[in-house]
Amino acid sequence: MANANALPQQRRFGETSRPDAWWVQPLLVFLGFSAFIVYSTWAAFHPLSGGKCAYWFSGGGADYLSPFFSPEIFGYSPHAIFGQAPAWWPTHLLSFSPAFLVLWAPAGFRFTCYYYRGAYYKAFWADPINCAVGEPRKSYLGEKYLPLIIQNIHRYFMYIAVIFIFILGYDAWQAMWFTDGIGVKHFGVGVGTIVLTLNTIFLASYTFGCHSLRHLIGGFLDAPSKVPACAKSYACVSCLNKRHMMWAWISLFWVGFSDVYVRLCAMGVWHDLRFF
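From a predicted model like this one, the values you see are computed outputs, not experimental measurements.

Q: Before we move on, could you go through the overall build of the protein chain and cite the residues and values that matter?
A: The secondary structure content of the protein chain amounts to eight helices and six strands. Secondary structure elements of the protein chain occur, N-terminal to C-terminal, as α-β-β-β-β-α-α-α-β-β-α-α-α-α. Each principal axis of the C-alpha distribution contributes one length, and for the protein chain these read about 95 × 55 × 40 Å. Of all intrachain contacts in the protein chain linking residues separated by at least 6 positions in sequence, the fraction that spans at least 24 positions is 68%.

Next up, the structure:
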């Protein structure tokens, strides 16, 4: 007699009885992530174009700084806090880029994000590739070993990511002031102003909807209503958290587009339109 308590045989990789196109979602995630990783890596390695700063645009008195390079600790634009490349940078290994000093922070925040990990576990590591679909391995290591153990530091990246929102907000504010021919700044709005302002809004909506922030704000309380300030903050973060996936993808696309816009304007390929 067959053992009624015997576990079903493990599916082979990709084997499933699902009738739907289950592979579409992980494929789209793979393509989307890969495109962003390739472009952001290329952009980080190319801060200059024709000997000119490619991540800062000042045409027509504008002041647009790419979010990939902000805050600019060392660099080639007037935004550089400490001037150009430091003497200790190993230029014999690779050329200096301001992005190397700051991109690790937002990249770490996204890499350890609760939503993203579920998305790229399927798309890149097939862990699992999708629900009720055979996996390529027989055991599950979980998040106790490298590289997945790194996911547990998400809350610390979140603290840094919140700071970056205020920095990018300042950059958007700077993009609202245009310098005229005699060096006087006037309030104005160009396409770049809108691009960088929307970038801050989208990134803020993604960051302030973070699961870790939600717990920090009020999720740790058994009765949030007893602390009105925490209860209202918790409700606000929860509202953003309901669309965390949407904000994650919109902000990912837009931060990449923001760099493309500033870069092409700086290279003279695109011309920034100023409304007033």
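Once the structure has been displayed, the description carries forward.
Q: Tell me about the layout of surface pockets, residues and numbers included.
A: When its volume is computed, the largest pocket comes out at roughly 760 Å³. Taken together, 30 residues make up the lining of the largest pocket; nearest its centre are Phe 36, Leu 103, Pro 106, Ala 107 and Arg 110. Among the secondary structure elements, those contributing two or more residues to the lining of the largest pocket are α1 (24-44), α2 (104-111), α3 (114-123), α4 (154-174), α5 (191-207) and α8 (244-266). Here the residues of the lining of the largest pocket sort into 25 nonpolar, four polar and one charged.

Q: Describe the nonpolar core, naming the residues involved and giving the relevant values.
A: In terms of nonpolar packing, the biggest core is built from 35 residues, with Tyr 64, Phe 109, Tyr 116 and Tyr 206 touching the most fellow members. If you list the elements that add at least two residues to this core, you get α1, α3, α4, α5, α7 (228-241) and α8. The element contributing the most residues to this core is α8, with seven residues. Membership of the second largest hydrophobic core comes to 13 residues, among which are Cys 53, Ala 99, Ile 165 and Val 255.

Q: Can you lay out unusual backbone geometry for me, pointing to particular residues and giving the numbers?
A: The amide bond that connects Ser 70 to the next residue, Pro 71, takes the cis arrangement and shows omega of 0°. Tracing the chain through its elements places Pro 71 in the loop between β4 (64-65) and α2.

Q: I'd like a description of the side chain of Thr 193, backed by residues and values.
A: Secondary-structure assignment places Thr 193 in helix α5. Taking the relative accessible area as the measure of exposure, Thr 193 reaches 2% and is therefore buried. Polar side-chain contacts of Thr 193 include one of 2.7 Å to the backbone oxygen of Ala 175. Once residues lying within four places of it in the same chain are set aside, the contact partners of Thr 193 are Tyr 64, Ala 175, Met 176, Phe 178 and Gly 188.

Q: Help me get a handle on the pattern of salt bridges, residues and values and all.
A: For the structure shown, the criterion picks out two salt bridges. Arg 18 is the salt-bridge partner of Asp 20, the closest N and O atoms lying 2.7 Å from each other. Classification of Asp 20 by relative accessible area gives partly exposed; the value is 38%. With a closest N to O distance of 3.4 Å, Arg 263 and Asp 259 form a salt bridge. Of this pair, Arg 263 and Asp 259 both sit in helix α8, four residues apart, which is roughly one turn of the helix.

Q: Give me the lowdown on α4, citing residues and values where you can.
A: When the terminal C-alpha atoms of α4 are compared, their 30 Å separation across 21 residues agrees well with the 30 Å that a helix rising 1.5 Å per residue should span. Turning to α4, its buried residues number three or more, namely His 154, Phe 157, Met 158, Ala 161, Val 162, Phe 164, Ile 165, Leu 168, Asp 171, Ala 172 and Gln 174.

Q: Go over the packing of aromatic side chains, please, and point to the residues and values.
A: Under the defined criterion, the tally for this structure stands at 35 aromatic pairs. Where Phe 30 meets Phe 124, the ring centres are 4.9 Å apart and the plane angle is 45°; that geometry is what we call tilted. A residue pair is termed long-range when its members are at least 10 positions apart, and Phe 30 in helix α1 and Phe 124 in the loop between α3 and α4 qualify at 94 residues. Residue class for Phe 30 comes out partly exposed when judged on its relative accessible area of 33%. For Phe 124, a relative accessible area of 34% corresponds to the partly exposed category. A ring pair is formed by Phe 33 and Trp 249, whose centres lie 5.2 Å apart and whose planes are at 45°; its orientation type is tilted. Pair noted here: Phe 33 is in helix α1 and Trp 249 is in helix α8, with a separation of 216 residues, a long-range link. With relative accessibility at 10%, the residue Phe 33 sits in the buried group. Ring-pair connections join several aromatic residues into one group, and the members of that group are Phe 30, Phe 33, Phe 109, Phe 111, Tyr 115, Tyr 116, Tyr 120, Phe 124, Tyr 206 and Trp 249. Positioned above the aromatic ring of Phe 178 is the side chain of Arg 274, whose terminal nitrogen or guanidinium carbon lies 4.2 Å from the ring centre.

Q: Could you give me a rundown of the side chain of Ser 238, with the residues and numbers involved?
A: For Ser 238, the position within the fold is in helix α7. Reaching out from Ser 238, the side chain makes a polar contact with the backbone oxygen of Tyr 234 at a distance of 2.7 Å.

Q: Just give me the short version of the packing of α5 against α8, but keep the residues and values in it.
A: Between α5 and α8, the least distance of the axes is 8 Å, while the angle of their chain directions is 150°. Comparing their axes, α8 and α5 come out roughly antiparallel. Both α5 and α8 take part in a crossing whose hand is left-handed. Here Val 191, Gly 192, Val 195, Leu 196, Leu 198, Asn 199, Phe 202, Leu 203, Ser 205 and Tyr 206 of α5 come into contact with α8, specifically with His 244, Trp 247, Ala 248, Ile 250, Ser 251, Trp 254, Val 255, Phe 257, Ser 258, Tyr 261 and Val 262. Residues that form the contact of α5 with α8 fall into these classes: 15 nonpolar, six polar and no charged.

Rules and cut-offs
Residues numbered from 1 in each chain as written. Predicted model: local features only at pLDDT ≥ 70, side-chain atom pairs only at ≥ 80, totals over all residues. Heavy atoms only, no water. Helix = DSSP H or I, 4+ residues; strand = E, 2+ residues; numbered from the N terminus. Contact = heavy atoms within 4.5 Å. 1 Å grid on protein atoms, 1.4 Å probe; cavity = no way out; pocket = protein on both sides within 12 Å on 5 of 7 lines; lining within 4 Å. Points joined across faces, edges and corners; volume = space filled by probe spheres on them. Nonpolar A, V, L, I, M, F, W, Y, C, P; charged D, E, K, R; others polar. Core = buried A, V, L, I, M, F, W, Y, C linked by side-chain atoms within 4.5 Å. Buried < 20%, exposed > 50% of the residue type's maximum accessible area, 1.4 Å probe, protein only. Polar contact = N/O pair within 3.5 Å; in protein donor to acceptor, adjacent residues only side chain to side chain. Salt bridge = Lys/Arg side-chain N within 4 Å of Asp/Glu carboxyl O. Expected span 1.5 Å × (residues − 1). Phe/Tyr/Trp six-rings, centres within 6.5 Å; stacked < 30°, edge-to-face > 60°. Lys NZ or Arg CZ within 6 Å of the ring centre and 35° of its normal. Axes fitted to C-alpha atoms, helices over the stretch in contact; angles between N-to-C directions. Parallel < 35°, antiparallel > 145°, perpendicular 65-115°, else oblique. Left-handed = near helix turned anticlockwise from the far one by under 90°.

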